[in-house]
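This is what each chain is made of:
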Amino acid sequence: MRIAVDAMGGDKGPHATVVGAASAVIEDPNLEIQLFGPLQQLKDEISRLPRPLVAAASRMRLVDAPDVIVQSMRPSEALRHAQNSSMARMLECVACGDAAVGVSSGNTGALMALSRRALGMVAGIPRPAISTAIPTRNDGRCYLLDLGANVDVSAARLVDFALMGDAMARHVDGIAAPRIALLNVGAESTKGAASVQQADLELRRLGGINYCGFIEGDGIFAGEADVVVCDGFVGNAVLKASEGLARMLVQRVQATFEAHWSSRLVGLLARPALKRLKNELDPVRYNGASLLGLAGIIIKSHGSCDAAGFHYALRRAVQEVSRDLPSRLEAELVHRRSVSSPAGGHSLPGLAADR
């Protein structure tokens, strides 16, 4: 499997990307990586790989892309002037079929705009939605979408998110009937924005999905749903808050055990359990968000991730390619539209209305 990687997008520059890619190649002998960025910078990073990762260089192809899309660049500017950027060249590689999937830690708005132009969308979906999994109780996980791509959304878009999240949970995680919920400020039908209330009505009329109604924020981490739908502003706030809380809890626990000699002794005894807790809560393990709705597979890695985090994003990319999610999503949404067409007496709100 060949993965195209924008090596220049993250906050830590190409070092984290190159080291993360090298470790992924060592882990998976069937993996090849194409790294896009200024050629000399990439060569320098390859030359500095740690000894255990040096062998990965034989399966990492460097492709010169002299320009870099900075975080402050507007999507419109990227569309007009960034043809030679590492991000745009990476997307071209995926679009022409030279790579099965693309991964970037770069400017989210630019990645959304350039991905949409390079790859197109499936089944009438107007814009991609960003989705990732977050940990829940009893070693579970829940998909949350949207995470920032669509800030002000209609009820129709929320229905789209529900359908795409349902498909992802079934095909990627093998959940037969994923529990779908709308994030709201309460469980009562009278609460929430007008778009959320309307989406609730439309999802209740929709057949073929396991819609459970409204969910509040604490219900996400309690494992009450497999897919939680919200607008991008709310989703991004929930994700960033949960990541910050997880880090704070781990730090507080460590500080508590280091505060006194007696607690240090207890901490030594509890070290295996503390390590397990840290690993379970570490947001790095869940790095790699899907751009759902594209007619191709693009994974957005967290901009601030280190090499380990980028490694997890590449794992996510491999997993999605193995499930061929865009094709499955296209087939399911087209089928829903055909069976819910006006000729049949009703329309599918999320695909046929409010565009």
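Residues numbered from 1 in each chain as written. Predicted model: local features only at pLDDT ≥ 70, side-chain atom pairs only at ≥ 80, totals over all residues. Heavy atoms only, no water.

1. Regarding empty space enclosed by the protein
1) Next: All told, the structure shown has two cavities of 30 Å³ or more when counted by the stated rule.
2) Next: For the largest cavity, the calculated volume is near 70 Å³.
3) Next: What lines the largest cavity is S290, L291, L292, G293, L294, G296, I297, I298, E320, L325, P326 and L329.
4) Next: Of the residues belonging to the lining of the largest cavity, the class tally is eight nonpolar, three polar and one charged.
5) Next: Considering only enclosed or pocket space, the second largest cavity measures out at about 50 Å³ in volume.
6) Next: As for the second largest cavity, its lining consists of G10, D11, K12, G13, A16, T17, S105, G303, C305 and F310.
7) Next: For the lining of the second largest cavity, a count of residues per class yields three nonpolar, five polar and two charged. (1 Å grid on protein atoms, 1.4 Å probe; cavity = no way out; pocket = protein on both sides within 12 Å on 5 of 7 lines; lining within 4 Å. Points joined across faces, edges and corners; volume = space filled by probe spheres on them. Nonpolar A, V, L, I, M, F, W, Y, C, P; charged D, E, K, R; others polar.)

2. With respect to helix α6 (residues 155-173)
1) Next: Taking 1.5 Å of rise per residue, the 19 residues of α6 would be expected to cover 27 Å, and the 26 Å separating its terminal C-alpha atoms lies within 8% of that figure.
2) Next: Of all 19 residues making up α6, 17 are buried, and the element is well covered by its neighbours.
3) Next: G174 sits one or two residues past α6 and shows a positive phi near 70°. (Helix = DSSP H or I, 4+ residues; strand = E, 2+ residues; numbered from the N terminus. Expected span 1.5 Å × (residues − 1). Buried < 20%, exposed > 50% of the residue type's maximum accessible area, 1.4 Å probe, protein only.)

3. Considerations on the sheet that holds strand β3 (residues 60-64)
Hydrogen bonds between backbone groups are what pair the strands of a sheet, and the pairing can be parallel or antiparallel.
1) Next: Here we have 11 strands laid out as an open sheet, ordered β3-β2-β1-β4-β11-β10-β5-β6-β9-β7-β8, and mixed in their pairing. Of all strands in the sheet, those with a lone pairing partner are β3 and β8 (210-215), marking the two edges. With strand direction ignored, the average angle separating the axes of adjacent strands in the sheet is 30°.
2) Next: Pairing between strand β1 (residues 2-6) and strand β4 (residues 101-104): four bridges, direction parallel. In the strand pairing of β4, A4 is matched with G102.
3) Next: Relative to β1, helix α4 (residues 86-95) is tilted by about 160°, and along the sheet it contacts β1, β2 (32-37), β3, β4 and β11 (298-300). (Pairing = 2+ DSSP bridges. Axes fitted to C-alpha atoms, helices over the stretch in contact; angles between N-to-C directions. Contact = heavy atoms within 4.5 Å.)

4. Describing the environment of E332
1) Next: Structurally, E332 is set in helix α12 (residues 325-339).
2) Next: Measuring from C-alpha to C-alpha, the distance between E332 and A167 comes to 8.0 Å, with 165 residues separating the pair along the chain.
3) Next: Discounting chain neighbours no more than four positions away, the residues touching E332 are A167, R170 and H171.
4) Next: Here H171 takes part through its side chain, which lies 2.5 Å from a polar atom of the side chain of E332. (Polar contact = N/O pair within 3.5 Å; in protein donor to acceptor, adjacent residues only side chain to side chain.)

5. A few points about the pattern of salt bridges
1) Next: In total, this model carries 11 salt bridges according to the counting rule given.
2) Next: Among the salt bridges present, the one from D160 reaches R157, with a minimum N-O distance of 3.0 Å. Remark: R157 and D160 occur in helix α6; sequence separation between them is three residues, near one turn of the helix.
3) Next: Owing to a relative accessible area of 1%, D160 belongs among the buried residues under this scheme. (Salt bridge = Lys/Arg side-chain N within 4 Å of Asp/Glu carboxyl O.)

6. Quick look at the side chain of D226
1) Next: The residue D226 is located in the loop between α8 (217-221) and β9 (227-229) in this model.
2) Next: Note on D226: relative accessible area 12%, which makes it buried.
3) Next: Here R179 takes part through its backbone nitrogen, which lies 2.8 Å from a polar atom of the side chain of D226.
4) Next: Filtering out sequence-adjacent residues up to four positions away, D226 remains in contact with C142, Y143, I175, A177, P178 and R179.

7. So, the nonpolar core
1) Next: By size, the foremost hydrophobic cluster in this structure holds 39 residues, and its most contacted members are I69, M90, I220, V228 and I298.
2) Next: When contributions to this core are tallied by element, the ones reaching two or more residues are α4, α5 (108-119), β5 (129-136), β6 (140-145), β7 (179-183), α9 (232-258) and β10 (289-292).
3) Next: Per-domain counts for this core show at least three residues from each of domain 1 (1-125 + 293-330) and domain 2 (130-284).
4) Next: Setting aside residues up to four positions removed in sequence, I220 forms contacts with I134, T136, C142, L144, L183, I215, V228 and V238.
5) Next: Among the nonpolar cores identified, the runner-up in size contains 34 residues, and L158, F161, A162 and L333 belong to it. (Core = buried A, V, L, I, M, F, W, Y, C linked by side-chain atoms within 4.5 Å. Domains from an automatic or database assignment.)

8. Digging into the state of the cysteines
1) Next: Counted under the stated rule, the structure contains zero disulfides.
2) Next: Cysteine C93 is unpaired, with the sulfur of C96 as its nearest cysteine sulfur at 5.5 Å.
3) Next: In this structure C230 is a free cysteine whose sulfur lies 9.6 Å from that of C142, the closest cysteine sulfur available.
4) Next: For C230, a relative accessible area of 4% translates into the label buried. (Disulfide = S-S within 2.5 Å.)

9. Digging into the side chain of H311
1) Next: Of note, H311 is situated in helix α11 (residues 307-323).
2) Next: We classify H311 as buried; its relative accessible area is 11%.
3) Next: At 3.1 Å, the side chain of H311 and the side chain of E27 are in polar contact.
4) Next: For H311, the residues in contact, after removing those within four places along its chain, are G20, S23, A24 and E27.

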